[in-house]
Every structure is written in structure tokens, then in C-alpha cells.
Amino acid sequence: MRPLALFSTDLDVMAVTASVPNRPVVRVPVVEFGAPDASAPMRLSVLGATGSIGKSTLDLVGRAPDRFEIVALTAQSNARELAVLARRHRARLAVIGDDAQLAELRDGLAGTGIRAAAGLEALIEAALMPADCVMAAIVGAAGLRPTFAAASCGARIALANKECLVSAGHVFTAEIARSGAELLPVDSEHSAAFQALSGADPKAIEKIVLTASGGPFRTWAREALEAATPEQALKHPNWSMGAKVTIDSATLMNKGLELIEAFHLFPVPAEALDCVIHPQSIVHCLVSYVDGSVLAQMASPDMRTPIAVALAWPKRMAAPTEKLDLARLGSLTFEAPDEVRFPALGVARAALRRGDTAPAVLNAANEVAVKAFLDRRLKFLDIAALVEATIEEAERQGAICQAHGLDDILHIDGLARRLAVEKLNGY
Ligand code: NAD
Ligand code: MG
């Protein structure tokens, strides 16, 4: 059985009708509204602090500053913004990935006493600093080493960096189990599943269905997709996110990555995972049980809700998101995904079925393909084609194999990137 990292945190429960004779005991979660435990501030580090998830996290922190103590903040290349965030939240350490920007970071932090550092080793040091929770919000496989470092300490990992579970699912969940860390998903669909699954007996779960907005091209004909531009693909109808995940949403690769992510998070086989298009992005996941019940989680499409869930669980904290008004929304609609117009979903499903390092190759090739599309070197529909061709080539070369640790994954990731770049020259 895969490690059930998510099920390590049992909900506190109380019997609300125990005092009424001859009635079954209804057990409900004890849910506290407001900020997390007031007794001590939560020591929090944010990896990827200048990104969309990082800034949403710090927005919540800024609204309840006495509930959090910021330990470390990191970013790759925006030293100025990182310095502003580190000052505002009184971080102890600020790390910039790009060494060339260390001088600018030091300037920005002059006179504050906040330590500045740069480079991969410093990113790992930030992840290793004692903290109660680490928000893992670096984009792409670049997040693997720092997120693994955080996981090795046994702290709570609020995981936004889905690529970590996609590329290294088995070894990452094994590390979580070894260290006793707590893994809480930040991806909205997985946060929704986590909430709808709380306390569930794995044997009673029939299906977990992730919703997808369908992205900006949901209604486009295949011929129109041939000519889709980065500007058009970056205009997501519902969510405001970083460029990489926005392009993944337009191709539906995001949903494919999320199926793989869900496979590692939840105790169900791959066949029990599915997705449905839901253009309003209000329902985030539906969990079906053997008795016919379907539990869904709903919220406005604002990442501050799943971030708040991960930070405060098993309690609840306030998030300043738009409250749902279903009467005003009027209708919620659902449709099946079209894998002909959006082939990336099928490519990702095949990688999940193939297993071993196929998802790592999928992820690496997709990162190369998305960058090439943004650089106008690859057409929109060729993103999935390039990824599929890279996986086939990796299989021919014997690179789809079992991984025994993070180094194996990083080796395969590098190889897949080289194969994808070679293939790219053929487009
Ligand atoms: P983003 O591009 O807005 O931000 C990425 C952050 O990572 C930035 O702080 C950047 O400086 C840092 N970073 C980039 N490359 C790095 C490198 N090589 N080394 C170290 N740091 C690096 O991305 P985002 O949209 O915030 O997404 C972050 C993660 O969360 C992704 O894995 C994404 O799939 C996931 N996610 C995002 C959303 C969303 O709404 N934005 C929703 C669900 C999941
Ligand atoms: Mg998502």
C-alpha cells in the first residue's frame, strides 16, 4: 500500500448527539473559525515567495501577522521583490536562487538584520531551517531538491509544487513516511479531495473526480488551436496563476499532472481517478462513495482558500475570498474532456498507467515544451506531441525504469530534457 501521508492527521472529532438516548452518535469535525492556534505563532517558510502561490500565502500571513513567524523566504530571480517581502514579514533568511542577484538582495536588506544568501545550497538551507510548516511553491522540477530537504525534517509540507509528486511521487512519499512529515495539498482540486475524504475508509471510496475549467480554449476547434498564441493561452478564464501552470491548464496537461499527483496523495488505484470539465471552477473535486454518496467541495476560484486550509488544518482560518452566492451564479455545468482536441490529457494518463519514471519524463519534457511554446519555438498542439515523442524515445533507451531515490529521478529528468530539446529541433 502506498504511504497515506495525508491520512496521518486524524480529525479531532466529538460526539454531538451522544447525550440523546437511542440515537446514533453523529461525529462531526471540531472546526474552529479564525486564525490558527493562538497559543504560539506558526513558524513558516515560503519557498517560491515571489510567485503567485507565494504571494497569496504571504497575503494571508499579512492579515494575521501575530499568528505567523516567517523563517525563510526564497525566490529565483526577483531580488528586489524578495527583499520587500522579507522586510515586510520580518523573515530571518532570504535566499535568491540566482547568485548574480545576491548583491541586489543584500542592498535591499541593508540595516534589517535579515540574512541574505544565494544559490541552490542556500535554497536547501532555507528549506532545512526549523519551521512548523514549509510552503513548497517553487514551480517545476526546480522545486524537487528544496522540497525534499523540507520533507526530510518532518515539518508540515504545504505542497503547491505538484511537479514534485509527478516526477518523484514514490520516492517523495517514502521520504515523507520516513521523516514523519505531514503532507497537505495546496492544489485546489487536491485540497478539495482531502477535505471530502477526511476520515474516509479507503475501501469505501469509489472514485475521485477532479474538475478542470477547460482553460481559454475549451470551445475552440482543433484548426483554431493550431494557431493558438502564448498571449491567448495565458488568458485563463477563472484563475490568476504563474505562466507555466496557466499554459498547462490551456493544454489540459495540468489535469493530467494532477491525476498523477492525486494517485500519490490518495489511497485509490489509477482507474479510480478521473476528471470532468467544469467551466465555472466552483466545484473543485467530487468524491464518490460505494453507497452512492458524492461529496464535493466548493469555493470561489481563489487559491487563498486551499492555502488557508493547508496552513490551518485541522482548524480553519479566515480567508478574504469572495463568498459563494449560488443563486447569483445560477447554474454549474459539467462536460466530458475532449482528448482529441486536448491530447496532453491522454499522454499524461498513459504515463500514469506506465508508471516507473514515465511521469518524470512526462514532466521534464512538458517543461521543455511549455518554455518552447512561450518562446514561440513550438506550436500549441505540438506541446503534447513533443512530450509523447520524448516518452517513446526514453522507453526505447531504457530510461523508463524504477527509481530508487531522488538522484535517480534527477538523472532521468536531465536525460528527458536533453531528449526533448533534441526532438524540439525537428519541429
Ligand atoms: P510562479 O511562476 O508564479 O512562481 C514560482 C516561484 O518559484 C517564484 O517565486 C520563482 O522565483 C520561484 N522559482 C522559479 N524557478 C525557480 C528555480 N529554478 N529555483 C528556485 N525557485 C524558482 O508559479 P506559481 O503559479 O506560484 O506555481 C507554483 C507551484 O504551484 C507550481 O508547481 C504550480 O503548478 C503550483 N500551483 C499553482 C497554482 C496557482 O494558482 N498559481 C495552483 C495550483 C498549483
Ligand atoms: Mg489545480
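Reading the values: the criteria
Residues numbered from 1 in each chain as written. Chains lettered and ligands numbered in written order. Predicted model: local features only at pLDDT ≥ 70, side-chain atom pairs only at ≥ 80, totals over all residues. Heavy atoms only, no water. Donors = N, O, S within 2.8 Å, 3.2 Å for Na, K, Ca; no water. Helix = DSSP H or I, 4+ residues; strand = E, 2+ residues; numbered from the N terminus. Buried < 20%, exposed > 50% of the residue type's maximum accessible area, 1.4 Å probe, protein only. Near = heavy atom within 4 Å. Polar contact = N/O pair within 3.5 Å; in protein donor to acceptor, adjacent residues only side chain to side chain. Areas by Shrake-Rupley, 256 points an atom, 1.4 Å probe, with all protein chains shown as cover. Core = buried A, V, L, I, M, F, W, Y, C linked by side-chain atoms within 4.5 Å. Contact = heavy atoms within 4.5 Å. Phe/Tyr/Trp six-rings, centres within 6.5 Å; stacked < 30°, edge-to-face > 60°. Domains from an automatic or database assignment. Buried area = accessible area lost by both parts, 1.4 Å probe. Salt bridge = Lys/Arg side-chain N within 4 Å of Asp/Glu carboxyl O.

### Details of the coordination of the magnesium ion (ligand 2)
No. 1: Within the protein, the magnesium ion (ligand 2) binds to D187 (OD), E189 (OE) and E258 (OE); these donor distances fall in the range 2.1 to 2.2 Å.
No. 2: Linear spacing of the donor residues for the magnesium ion (ligand 2) on their chain is D-x1-E-x68-E. Taken together, the residues E189 in helix 7 (residues 188-197) and E258 in helix 11 (residues 253-265) connect sequence positions 69 residues apart. No difference in accessibility class separates E189 from E258, as the two residues are buried.

### Digging into the environment of G48
No. 1: Along the chain, G48 turns up in the loop between strand 3 (42-47) and helix 1 (52-63).
No. 2: For G48, a relative accessible area of 11% puts it in the buried group.
No. 3: With 95 residues separating them along the chain, G48 and G143 place their C-alpha atoms 8.7 Å apart.

### Overview of the site of ligand 1
No. 1: Taken together, 22 residues lie around ligand 1, and T50, S52, Q76, E163 and G242 are the ones closest in.
No. 2: Between an oxygen atom of ligand 1 and a main-chain N or O atom of G51, the distance comes to 3.1 Å.
No. 3: The contact in question runs from an oxygen atom of ligand 1 to an N or O atom on the backbone of Q76, over 2.9 Å.
No. 4: Protein chains bury 85% of the 830 Å² of accessible surface belonging to ligand 1 in isolation.
No. 5: Of all the secondary structure elements, the ones that give two or more residues to the shell around ligand 1 are helix 1 and helix 6 (162-179).

### Quick notes on the nonpolar core
No. 1: If you look at the biggest cluster of nonpolar residues, it comprises 149 residues, and the most contacted ones within it are L73, I208 and L362.
No. 2: No other element matches helix 15 (residues 358-374), which puts 11 residues into this core.
No. 3: Dropping the residues within four chain positions of it, L362 is found in contact with M253, L257, I260, V347, A348, A351, V387 and I391.

### Examining the packing of aromatic side chains
No. 1: On inspection of all chains with the given rule, the structure shows 5 aromatic pairs.
No. 2: Seen in terms of ring centroids, F217 and W220 are 4.4 Å apart; in terms of plane orientation they differ by 50°. Their pairing is tilted.
No. 3: With a relative accessible area of 0%, F217 lands in the buried category.
No. 4: Note on F217 and F380: the rings are 5.0 Å apart at their centroids and 85° apart in plane angle, and the pair reads as edge-to-face. Taken together, the positions of F217 in the loop between strand 10 (205-212) and helix 8 (222-226) and F380 in the loop between helix 15 and helix 16 (382-396) put the pair 163 residues apart, joining distant regions of the chain.
No. 5: Among the aromatic residues, those joined into a ring-pair cluster are F217, W220, F373 and F380.

### Description of the domain arrangement of the chain
No. 1: By domain assignment, the chain separates into domain 1 (14-190), domain 2 (200-300 + 319-329) and domain 3 (344-424).
No. 2: Using only C-alpha atoms to locate each centre, domain 1 and domain 3 end up separated by 28 Å.
No. 3: The interface is formed by 10 residues belonging to domain 1 together with 13 residues belonging to domain 3.
No. 4: Of the roughly 900 Å² buried between domain 1 and domain 3 on both sides combined, carbon and sulfur atoms contribute 67%.
No. 5: Of all residues in domain 1, R145, S167 and V171 bury the most surface against domain 3, accounting for 45% of the area lost on that side.
No. 6: Scanning the region where domain 1 abuts domain 3 turns up 1 salt bridge.
No. 7: Between D407 and R145 there is a salt bridge; the shortest N-O distance is 3.6 Å.
No. 8: At the boundary of domain 1 and domain 3, one finds 2 residue pairs in polar contact (both at pLDDT 80 or more).
No. 9: Of all the elements in the fold, those that place two or more residues in the side of domain 1 that touches domain 3 are helix 5 (144-152) and helix 6.

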